[in-house]
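As a plain string of letters, each chain reads:
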Amino acid sequence: MSQDNRSPEGTEAGYGVVSSPPSTARKPVTVPQIRARKGGTPLVMVTAYDATFARMLDEAAVDMLLVGDSLGMVVQGQSDTLGVTVDDIVYHCKAVARGARFAHIVGDMPFLSYQVTPEDALRNAGRIVAEGRAHAVKLEGGEAVAPAIAKIASAGIPVMAHVGLTPQAVHAMGGFRVQGREHEAAQRILADAIAVTEAGAYALVLEGIPGELAERITAEVSIPTIGIGAGVHCDGQVLVCYDLLGMTADLRPKFVKRYDDGFARVVAAASAFCDEVRARRFPADEHTFGVRPRPMPVTGTG
Ligand code: KIV
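What counts and how
Residues numbered from 1 in each chain as written. Predicted model: local features only at pLDDT ≥ 70, side-chain atom pairs only at ≥ 80, totals over all residues. Heavy atoms only, no water. Helix = DSSP H or I, 4+ residues; strand = E, 2+ residues; numbered from the N terminus. Buried < 20%, exposed > 50% of the residue type's maximum accessible area, 1.4 Å probe, protein only. Contact = heavy atoms within 4.5 Å. Lys, Arg positive; Asp, Glu negative; His and termini not counted. Charge placed at Lys NZ, Arg CZ, Asp CG, Glu CD. Pairing = 2+ DSSP bridges. Axes fitted to C-alpha atoms, helices over the stretch in contact; angles between N-to-C directions. Near = heavy atom within 4 Å. Polar contact = N/O pair within 3.5 Å; in protein donor to acceptor, adjacent residues only side chain to side chain. Areas by Shrake-Rupley, 256 points an atom, 1.4 Å probe, with all protein chains shown as cover. 1 Å grid on protein atoms, 1.4 Å probe; cavity = no way out; pocket = protein on both sides within 12 Å on 5 of 7 lines; lining within 4 Å. Sits in = over half its atoms within 2 Å of the grid points. Nonpolar A, V, L, I, M, F, W, Y, C, P; charged D, E, K, R; others polar. Phe/Tyr/Trp six-rings, centres within 6.5 Å; stacked < 30°, edge-to-face > 60°. Right-handed = clockwise from strand over helix to strand, strands pointing away.

1. Quick notes on the overall build of the protein
Consideration 1: Within the protein, the secondary structure is distributed over eleven helices and eight strands.
Consideration 2: With the C-alpha coordinates aligned to their principal axes, the bounding extent of the protein is approximately 95 × 45 × 35 Å.
Consideration 3: Across the 302 residues of the protein, 43% fall into the buried class.
Consideration 4: The long-range share in the protein, meaning contacts at least 24 apart out of those at least 6 apart in sequence, stands at 58%.
Consideration 5: Charged side chains of the protein number 29 positive and 34 negative; the gap between the two group centres comes to 5 Å.

2. What to know about the side chain of Thr248
Consideration 1: Note on placement: Thr248 falls in the loop between helix 10 (241-244) and helix 11 (262-278).
Consideration 2: Aside from chain neighbours lying at most four places away, what touches Thr248 is Tyr242, Asp243, Arg258 and Phe263.

3. Description of the sheet that holds strand 4 (residues 136-140)
Consideration 1: Read around the barrel, eight strands follow the order 1-2-3-4-5-6-7-8 and close on themselves; strand pairing throughout is parallel. In this sheet, adjacent strand axes meet at a mean angle of 25 degrees when their direction is disregarded.
Consideration 2: Both strand 2 (residues 64-67) and strand 3 (residues 104-108) contribute to a ladder of four bridges, which runs parallel. When the bridges of strand 3 are listed, Met64 appears paired with His104.
Consideration 3: Packed onto the sheet, helix 6 (residues 146-154) meets strand 4 and strand 5 (159-164) and runs at close to 165 degrees relative to strand 5.

4. Notes on the site of the ligand
Consideration 1: Surveying the vicinity of the ligand reveals the residues Thr47, Leu66, Gly68, Asp69, Ser70, Asp108, Lys138, His162 and Ile228.
Consideration 2: In the environment of the ligand, an oxygen atom lies 3.0 Å from a nitrogen or oxygen atom belonging to the side chain of Asp69.
Consideration 3: Take Lys138: an N or O atom from its side chain is 3.0 Å from an oxygen atom of the ligand.
Consideration 4: Protein contact buries 95% of the 260 Å² of open area that the ligand shows by itself.
Consideration 5: The site holding the ligand turns out to be the largest pocket.
Consideration 6: When grouped by side-chain class, the residues that make up the shell around the ligand number two nonpolar, four polar and three charged.

5. Some details on the packing of aromatic side chains
Consideration 1: In total, this model carries three aromatic pairs according to the counting rule given.
Consideration 2: Each ring, one from Phe273 and one from Phe282, has its centre 5.7 Å from the other, and the planes form 65 degrees; the classification is edge-to-face.
Consideration 3: The exposure class of Phe273 is partly exposed, given its relative accessible area of 48%.
Consideration 4: Here the aromatic cluster, defined as three or more aromatic residues joined through ring pairs, consists of Tyr49, Phe53 and Tyr242.

6. Concerning the side chain of Asp108
Consideration 1: Residue position: Asp108 is located in strand 3.
Consideration 2: Of note is the side chain of Asp108, whose polar atom sits 2.8 Å from the backbone nitrogen of Asp69.
Consideration 3: Apart from residues no more than four positions distant in its own chain, Asp108 is found in contact with Leu66, Val67, Gly68, Asp69, Ile89, Ile128 and Lys138.

7. Describing the environment of Arg258
Consideration 1: Among the secondary structure elements, Arg258 is positioned in the loop between helix 10 and helix 11.
Consideration 2: Residue Arg258 is classed as partly exposed on the basis of its relative accessible area, which comes to 23%.
Consideration 3: Residues Arg258 and Pro297, spaced 39 residues apart in sequence, show a C-alpha to C-alpha distance of 63 Å.
Consideration 4: When near neighbours in sequence (up to four residues on either side) are disregarded, Arg258 contacts Asp243, Leu244, Gly246, Thr248, Ala249, Leu251 and Arg252.
Consideration 5: Engagement of the side chain of Arg258 in a polar contact is seen with the backbone oxygen of Gly246, the distance being 3.4 Å.
Consideration 6: Looking at Arg258, its side chain comes within polar contact range of the main-chain oxygen of Thr248, at 2.5 Å.

8. A look at the pairing of strand 3
Consideration 1: For strand 3, the tally of buried residues reaches five of five residues, placing the bulk of the element in the interior.
Consideration 2: The alternating pattern of strand 3 places His104, Val106 and Asp108 on one face and Ile105 and Gly107 on the opposite face, and all of these are buried.
Consideration 3: Relative to strand 4, strand 3 runs parallel, the two being bridged by three bridges. Pairing of Asp108 across the sheet is with Lys138, part of strand 4.
Consideration 4: On the question of chirality, the crossover connecting strand 3 to the parallel strand 4 by way of helix 5 (residues 118-130) is right-handed.

Printed below as a string of structure tokens:
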């Protein structure tokens, strides 16, 4: 479990921090609980990359936080996920682990951190769990990565698999395109889903595939499926936090529902700050520290 990093109200420097009382009713989400949700109440996974978002999403009672290599795009501003490193994932996992109290934390394995040899895969997965404090790792691919999944899982590290649209294969796919629309491609994805399940994965992300195929895979495999752009019949759903909050300016993929207009709201708040600073309306008296009054002189009576 991550350490509780909440500060007590007020510090020596006078920078007060308001913290909510610890929740006693909830317990940390575990791998056996996730497996037991197959066919039950859908699992909720959201990406998180820092402690503040992890804290908010944890408070919202998401089951799982994914420190996705999508951070290469939404945090680092790259055009794909290929440049993300194990060091990046470890760094962001540490931050998320400090912010979350109950959610199960999954660290994404970056491009080439698990494809070279199963030994290499285990070493990198071990860093994400030991240094990053993630509870599990996720990796992309099907039959080809089954030996890596088996190796990592045999060391006691839970592995979430990911088939269908696998963003690390963006060049092979010719872009971020829906996969498995044709019969043969759908059969290959089904075979991949079965292979990763047999290799020991505890859950499976299905990304960018037709709803009917996701429904078929969900019925065939014994582990929970977590969909993104894969329809309603999965055992759970995952979204990138910035997408669900409407914080991405230009990207509006069909599979994303925006639950807020975060981009416009942040721009409006920051514009209000700009206006108040320029008009000298901020900081006001209540935001300004004063000097302490001089202590009364002590008069002795002898
Ligand atoms: O990196 C990521 O955020 C992901 C999700 C989109 C499943 O892999």
